[in-house]
Amino acid sequence: MEQRKSVTEEKKQNAVAIGEYLLEKLQAYNIKHVFGIPGDYVLSFYHLLEQSPIQHIGMTREDAAGYAADAYARVNGMGAVCITYCVGGLSMTNSIAGAYAEKSPVLVISGAPGMKEREKDPLLHHKVRSFLTQKLIYDQITVASALLDDPITAFDEIDRVFDSVARYKRPGYIELPRDMVDVKGRRHHRPAVSAAPSDPDVLRAAATEAVDFINASENPVILAGVELDRFGFQDKLLRLMETTNIPAAATLLGKSVIGEKHPLYLGIYEGAMGRFEVREFVESSDCVIILGAFMTDMNLGIYTANLDRGRSIYATSEKIAIKYHTYEDVTFNDFLDALLAAVIRQRQLPALPWLEGKKESVAIQPDSPMTVRRLFDILNAFIIDDMMIIADIGDSLFGSIDLKMHQRADFVSPAYYTSMGFAVPASIGAQLGRPDQRALVLVGDGAFQMTGMELSTSVRFGLNPIVIVLNNHGYGTERQLHEGAFNDIGEWHYSQLPAVLGSGRGFVVRTEGEFDFALKEALANTGSFTILDVQLDKLDRSPALMRLAEKLSKKL
Ligand SMILES: Cc1ncc(C[n+]2csc(CCOP(=O)(O)OP(=O)(O)O)c2C)c(N)n1
Ligand SMILES: [Mg+2]
């Protein structure tokens, strides 16, 4: 009898509402901010959110909230966004698709019509085709999804989605019908499901083959990718480099997985878009150790790269391959640990002449008109240690190839999915996730016109990004491919946005002297955003784009 009573007591103590449990889980994954916009289907959850220690960051648009949560996830380990049914959720699909493609662990919480309301299939507002439409769409762009329609399964379902997001570093979707938020059930205290362990025999065989291959090679090189950052393996990479003196290049999506001032860092390998010397070094290697990198067309410089499987080791969370065969049942983590535990011979430090004697400072030519090349040269000298760069696509991204990030994980960009409009909203997530860092946003005028008004949110939350608008009067990247009036856009007075938003500082920059002055003022303006409208020639382009164009023209 006594015992029975205590069991009932325990059950009561463990009882928790579904909505509260979701908030507990968010906090357990170190999420301190949730981005989004409310709506009637999600208001009762918003009420709970407001009472929790988590801060809600209201944005101006749901797609922007998705970008902010994505950037937060990249710098924090997981991010979350909370929106209303369909009108909110569907407007965010592009951002979440990008997070999926680039492996960013974002948890999507969507409010939805209550389960009772769904009976007899009524035409409720925001409904598209069936009540399941939004979930079916999200099934395509998330690694796990759940409709919390039953308190008996809801708690396990929440655990499952969180586990999957954390394990696969891809977005997850939780749909919370509004009449389920306060329904109580019990926590399960189920331990997180860990990844299946490696098969020890296969692991040994894979590691032995890899180590023999590396040791027999003349000039091995590492190609480091974004997964090293997502899975927190940067220290393993550094140890591998430093114990063997094998140098590393990074892919564009993996930019800044290693501090770019490291003496064994070669630069970005991106086919013809990267520096010629880096391409030569990587492509002439007889053993390319590809770690956590995905061979996307962007990472391969629109397929101008020339990497041969027959002289590569390819290890990611999805696949371990050496030359032409793959090893099943070996995890990326175990494979890296096995390489570190093995005896890989230490080599002489390689000669990297193009990195020697590089000047860090640039003499400003005060009256020279701004060019993309000089913009990046001057920025290289301007970047300080505690600064992250958030680059939008277009020449903001291509030009960044030649920027040298001081510390690791300082560069955030949609470098594979390349959705315009990422950078300004992403800077909000990045700064809230890493408040110790100053955010420097590089954004084209076209991309800025898509989501730049999100600076309103930076103002509301006291953030101080430095926003450099590369104003080349339209869709510059597209002009290089196919010119037409469709590449023109409206001329905005970007520097006057502070008047509209009630805060911030704005500068029009035409010359190097004006750029230098505005950058210094921006650094000193720590209380609000600073926007620089950098006027560029319509047809000007970065050295990276020029390299690509040159290579492609030779190919044709
Ligand atoms: C959301 C989205 N729409 C359209 C495109 C296609 N696109 C690729 S580059 C580009 C032009 C970008 O213009 P801008 O932001 O001014 O950068 P610039 O190329 O001028 O440096 C466009 C429209 C895209 N990548 N993303
Ligand atoms: Mg432009």
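Here goes a summary of the coordinates provided. The model shown is predicted, which means the values in this text are computed figures rather than measured ones. Throughout, a residue's number is its position along its own chain's written sequence, starting from 1. Each chain gets a letter, beginning with A, and each ligand a number, beginning with 1, in the order they are written. Local features in this predicted model are restricted to residues whose pLDDT is 70 or higher, and side-chain atom pairs enter the listing and the counts only when it is 80 or higher, whereas totals over whole chains, interfaces and linings include all residues. Working from all heavy atoms in the structure, the side-chain values ignore hydrogens and water.

1. Description of the coordination of the magnesium ion (ligand 2)
Note on metal sites: the ideal angle is 109.5 degrees for four tetrahedral donors, and 90 or 180 degrees for six octahedral donors.
Okay, so step 1: Donor criterion used throughout: N, O or S atom within 2.8 Å of the metal, extended to 3.2 Å for Na, K and Ca. Water excluded; incomplete-looking sites may result. The protein atoms donating to the magnesium ion (ligand 2) are Asp 445 (OD), Asn 472 (OD1) and Gly 474 (O), with metal-donor distances spanning 2.0 to 2.1 Å.
Okay, so step 2: One chain supplies every donor to the magnesium ion (ligand 2), and in sequence these donors are spaced D-x26-N-x1-G. One end of the pair, Asp 445, is in helix H16 (residues 445–451); the other, Asn 472, is in the loop between strand S19 (466–471) and helix H18 (476–481), and 27 residues separate them in sequence. Here Asp 445 matches Asn 472 in class, with each residue buried. Only DSSP runs of H or I covering at least 4 residues are called helices, and only runs of E covering at least 2 are called strands; the numbering of each starts at the N terminus. Note on exposure labels: buried denotes an accessible area under 20% of the residue type's maximum, exposed denotes more than 50%, and partly exposed covers the range between, all computed with a 1.4 Å probe on protein chains only.

2. Digging into the pattern of salt bridges
Okay, so step 1: When a carboxyl oxygen of Asp or Glu is within 4 Å of a side-chain nitrogen of Lys or Arg, the pair counts as a salt bridge. For the coordinates displayed, the defined rule picks out 25 salt bridges.
Okay, so step 2: In this structure, Arg 74 engages Glu 102 in a salt bridge whose closest nitrogen and oxygen atoms are separated by 2.8 Å. Residue Arg 74 is located in helix H4 (residues 62–76), and its partner Glu 102 is located in the loop between helix H5 (93–101) and strand S5 (106–112); the two are separated by 28 residues in the primary sequence. Of the two residues, Arg 74 and Glu 102, neither departs from the other in class, the shared state being buried.
Okay, so step 3: Connected via shared salt-bridge partners are Lys 103, Arg 170, Glu 227 and Glu 318.

3. Let's talk about the packing of H4 against helix H15 (residues 423–433)
Okay, so step 1: Here an axis means a line fitted to C-alpha atoms, over the contact stretch when the element is a helix, while the angle between two N-to-C directions is reported on a 0 to 180 degree scale. Where H4 contacts H15, the two axes come as close as 7 Å, and the packing angle between them is 35 degrees. The crossing of H4 and H15 is right-handed. Two secondary-structure elements touch here, H4 through Ala 64, Tyr 67, Ala 68, Ala 71, Tyr 72 and Val 75 and H15 through Pro 425, Ala 426, Gly 429, Ala 430, Leu 432 and Gly 433.
Okay, so step 2: Of the residues assigned to the contact of H4 with H15, the class counts are ten nonpolar, two polar and no charged. Crossings are sorted by hand: turned counterclockwise from the far helix by less than a right angle, the near helix makes the crossing left-handed, and turned clockwise it makes it right-handed. Contact criterion: two residues are considered in contact whenever any of their non-hydrogen atoms come within 4.5 Å of each other. Residues were grouped as follows: Ala, Val, Leu, Ile, Met, Phe, Trp, Tyr, Cys and Pro as nonpolar; Asp, Glu, Lys and Arg as charged; and all remaining residues, including Gly, as polar.

4. Regarding the site of ligand 1
Okay, so step 1: In the neighbourhood of ligand 1, 17 residues make up the surrounding shell, with Asp 445, Gly 446, Asn 472, Gly 476 and Thr 477 lying closest.
Okay, so step 2: Here a nitrogen atom of ligand 1 sits 3.1 Å away from a polar atom, N or O, in the side chain of Glu 478.
Okay, so step 3: Considering each element in turn, the shell around ligand 1 owes the most residues, four residues, to H16.
Okay, so step 4: Tallied by class, the residues present in the shell around ligand 1 amount to five nonpolar, nine polar and three charged. Proximity is defined per residue: if any heavy atom of the residue lies within 4 Å of a molecule or strand, that residue is considered near it. Here a polar contact is recorded for every N or O atom pair within 3.5 Å, except that within protein the pair must consist of a potential hydrogen donor and a potential acceptor, and residues adjacent in sequence are included only if both atoms are side-chain atoms.

5. A short note on unusual backbone geometry
Okay, so step 1: Positive phi, normally seen in glycine, also occurs at Asn 245, with a value near 65 degrees.
Okay, so step 2: Along the polypeptide, Asn 245 turns up in the loop between helix H10 (234–244) and strand S10 (248–250).

6. Things to note about the pairing of strand S21 (residues 530–535)
Okay, so step 1: Of all the six residues making up S21, five are buried; the element is thus mostly covered by neighbouring parts of the structure.
Okay, so step 2: Here S19 runs beside S21; their pairing, made up of six bridges, is parallel. Each bridged residue has a counterpart across the sheet, and for Ile 466 the counterpart in S21 is Thr 530.
Okay, so step 3: In terms of strand pairing, strand S20 (residues 505–509) meets S21 through five bridges, oriented parallel. Bridge pairing links Val 509 to Val 534 in S21.
Okay, so step 4: Handedness of a crossover is defined as follows: orient the strands so they point away from the viewer, and if the path from the first strand over the helix to the second runs clockwise, the crossover is right-handed. On the question of chirality, the crossover connecting S20 to the parallel S21 by way of helix H20 (residues 512–524) is right-handed. Each pair of strands is called paired provided DSSP finds at least two bridges between the two strands.

No statement about biological role is implied by the geometric values presented.
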